[in-house]
Amino acid sequence: MTSVLPFDAEAFRARFPILGQPVRDGKPLVYLDSAATTQKPVEVLDNQRDYYTTMNANVHRGIHRLAELATEHYENARVKVARFIGAPDPRSIVFTRGTTEAINLVAQSWGRAHLTPGDTVVLTAMEHHSNIVPWQLVAATTGAKLAYIPFTPEGELDLAAFERLMQGPVKLVALTHMSNVLGTINPVESIIAAAHRAGAVVLVDGAQSVPFMPIDVAAMDCDFLAFSGHKMMAPTGIGVLYAKPALLEAMPPFLGGGEMISKVTLESSTWAEIPHKFEAGTPNIAGTIGLGAAIDVYEAMDRDGARRHEEALTAYAIERLMEVDGLILRGRAARRGGAVSFSIAGVHPHDIAHFVDQDGIAVRAGHMCAQPLIRQLGETALTRASLYFYNTRADIDALVASLLRVKRFFDRAP
Amino acid sequence: MPIRETIARTLDELGAFSDPLERLEFLIDQARAMPPLPDTDKTEANRVEGCMAQLWLTARFADGRCRFHSDSDSLVVKSIAGLLCSIYDDATPQEVLEFPPDFLAEAGVTSHLSANRRNALTQVWKKIRAFAEAHR
């Protein structure tokens, strides 16, 4: 085994060319929007160029050398993804466009096949729209009901309420591992165990957690895990659905077309083996291979050190943000990741984002695709700074200095 | 004041700023001085869609002239919508239709705005124009 150097945030940051790019009249870019999408390191950028300059071809069906190469790298990415999340069988990895498509796949395939009137799907009140709307759609067609685990003022799930919900006819529990707004890391292991005891299957939305913390689906025992490549240094347009192979085997196809069939006649078709049954059409070959390159970066780094860096930086960000008079932090869970959302009394979140953008600082403002959560907080929008391994204290200091200027501007008499 | 003069005065005022941020701060100060819309006017019917912040526009017609008033929970949005309202308030429908707000972009006033904010401006203009057309 090769030795791994201790994590060094500055050295890691230097591998992301975009972070050295000035914005807004030469001001250095301060990128604090990684929960929306992370930037890409040279390894992934080079990989994408290499793919198109040395092996671009369609996969699986070609006889020629390039098709062979592309197929080899594409399927090798599947093996890497399986290893990365501790899945024993690469056939359990289905490539999708992202987390959203992965969840829609489960809702439309597993959901339509298994949900009947009177069944309940349990979600949480802190879900991203991508883990609410697909279930609303399938509930409308199957007659299933949706129920939501509430969260406490600290931003933690109300587990007593969850236990009560599980007394009912619950077929599936679908929840986020890490909230994209509150930063909360939910106790998915105990929730999965309780759901299994009640005979329900569990889908975990890992869009925020997989990029941040080591995941072992075998130990976690989730039935489905969905995540996106673009939030973990890979290109956009590639995501993953992990599912236990037995579940995938029994699920009907989601999309029909090329690649996913075994035999087609004018009357009917039979399906390819898993996972190809769920990958209709030419896949995102470059993106998939890019995801493999991003995983190579993860596997070559000191992941524990990187995570400790992000945790320490999150604590530093929260501590420094409290220096801004009138700032209200949203989400104070004991276990949390680097999505830090807040409001400032008297200043609209969009105006905060607009003004810090003038200083070259990228943050998110709005409902962050979690309108029910934002509504429960009594807000219409929030501002969010979200961190990744390449952020440093200097980024936080720049944000706080900019926020203090914003506050001074809005506080002065008209 | 005839609309030509209003536009000329507005462009003069805004043209005095070489720094877009200072110009925005000036507009925001003006927005803060504008009276808020009463809650009874903050209705769904008065909502301007296509803007990420909440934005309302009321339009009234009296004595042959259009009266516009806007409000938003975002001061930046309020300042942009308020700029349009201040230009077209008290104008006749004919004047409104004769002077679309292209002059703002031509003068560079909107160049520092994000696409979302420019969209808010476009949506406000569409409502103002539709109102003027209905009362022409």
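Please refer to the structure placed before this passage.
Scope of this entry: the structure provided in the associated data block. (Residues numbered from 1 in each chain as written. Chains lettered and ligands numbered in written order. Predicted model: local features only at pLDDT ≥ 70, side-chain atom pairs only at ≥ 80, totals over all residues. Heavy atoms only, no water.)

### Some remarks on helix α1 (residues 3–15) of chain B
Residues lying three or four places apart along an α-helix face the same way, a consequence of the helix completing one turn every 3.6 residues. Residues and elements named next belong to chain B. Taking 1.5 Å per residue as the helical rise, α1 with its 13 residues ought to reach 18 Å, and the 18 Å between its terminal C-alpha atoms agrees with that figure. Among the residues of α1, those classed as buried are Ile3, Thr6, Ile7, Thr10 and Leu14. Angular distribution of buried residues about the axis of α1 spans 95 degrees; they occupy a single face of the element. Residues of α1 that are exposed and angled more than 90 degrees away from the buried face: Arg4, Asp12 and Gly15. (Helix = DSSP H or I, 4+ residues; strand = E, 2+ residues; numbered from the N terminus. Expected span 1.5 Å × (residues − 1). Buried < 20%, exposed > 50% of the residue type's maximum accessible area, 1.4 Å probe, protein only. Arc of directions from axis to C-beta.)

### Focus: the interface of chain B and chain A
Contacts between the two partners involve 17 residues from chain B, matched on the other side by 13 residues from chain A. Roughly 1400 Å² is buried in total at the junction of chain B and chain A, and carbon and sulfur atoms are behind 58% of that figure. In terms of surface lost to chain A, no three residues of chain B exceed Leu21(B), Arg32(B) and Arg117(B), which account for 33% of the buried area on that side. At the boundary of chain B and chain A, one finds six residue pairs in polar contact (both at pLDDT 80 or more). Secondary structure elements with two or more residues in the side of chain B that touches chain A: α2 (20–33) and α3 (75–88) of chain B. (Contact = heavy atoms within 4.5 Å. Buried area = accessible area lost by both parts, 1.4 Å probe. Polar contact = N/O pair within 3.5 Å; in protein donor to acceptor, adjacent residues only side chain to side chain.)

### Some details on the sheet that holds strand β13 (residues 327–330) of chain A
Residues and elements named next belong to chain A. If you trace the four strands from one edge of the open sheet to the other, you get β13-β14-β17-β16, paired in antiparallel fashion. Either end of the sheet is taken by a strand with one partner, and the two such strands are β13 and β16 (364–366). The mean angle between the axes of side-by-side strands here comes to 30 degrees, regardless of whether they run parallel or antiparallel. As paired elements, β13 and strand β14 (residues 339–344) share four bridges and run antiparallel to each other. When the bridges of β14 are listed, Arg330 appears paired with Ser341. Docked against the sheet, helix α12 (residues 349–358) engages β14, β16 and β17 (382–386), running at close to 155 degrees with respect to β16. (Pairing = 2+ DSSP bridges. Axes fitted to C-alpha atoms, helices over the stretch in contact; angles between N-to-C directions.)

### As for the nonpolar core
Formed by 83 residues in total, the largest nonpolar core has its most connected members in Phe12(A), Ile85(A), Val173(A) and Leu225(A). Looking at this core element by element, the count peaks at nine residues for helix α10 (residues 285–300) of chain A. Ile396(A), Val400(A), Val76(B) and Phe131(B) belong to the second-largest nonpolar core, a separate cluster that totals 68 residues. (Core = buried A, V, L, I, M, F, W, Y, C linked by side-chain atoms within 4.5 Å.)

### Digging into the packing of aromatic side chains
Aromatic ring pairs are defined here through the distance separating the ring centres and the angle between the ring planes. Within the structure shown, the criterion is met by 17 aromatic pairs over all chains. Aromatic pair Tyr88(B) and Trp125(B): ring centres 5.2 Å apart, planes at 35 degrees, arrangement tilted. Here Trp125(B) lies in helix α6 (residues 115–134) and Tyr88(B) lies in helix α3, a separation of 37 residues in the sequence. Just as Tyr88(B) is buried, Trp125(B) falls in that class too. Here the aromatic residues Phe7(A), Phe12(A), Phe16(A), Phe84(A), Tyr298(A), Tyr388(A), Phe389(A) and Tyr390(A) are joined through ring pairs into a cluster of three or more. (Phe/Tyr/Trp six-rings, centres within 6.5 Å; stacked < 30°, edge-to-face > 60°.)

### Things to note about α12(A)
Across the ten residues of α12(A), nine count as buried, placing the element largely inside the fold. Where α12(A) terminates, the next one or two residues include Gly360(A), which has phi positive at roughly 85 degrees.

### Some remarks on the pattern of salt bridges
Enumeration over the complete set of coordinates arrives at 28 salt bridges over all chains. Salt-bridge contacts for Asp395(A) lead to Arg13(A); the nearest nitrogen and oxygen are separated by 3.0 Å. Of the two residues, Asp395(A) sits in helix α14 (residues 393–411) while Arg13(A) sits in helix α1 (residues 9–13), which places them 382 residues apart along the sequence. Here the two residues Asp395(A) and Arg13(A) agree in accessibility, since each one is buried. For the salt bridge of Asp39(B) with Lys42(B), the shortest nitrogen-to-oxygen distance reads 3.9 Å. On the basis of relative accessible area, Asp39(B) is assigned to the exposed category, the value being 63%. For Lys42(B), a relative accessible area of 30% puts it in the partly exposed group. Counted as one network, the salt bridges with shared partners bring together Asp39(B), Lys42(B), Asp71(B) and Lys78(B). (Salt bridge = Lys/Arg side-chain N within 4 Å of Asp/Glu carboxyl O.)

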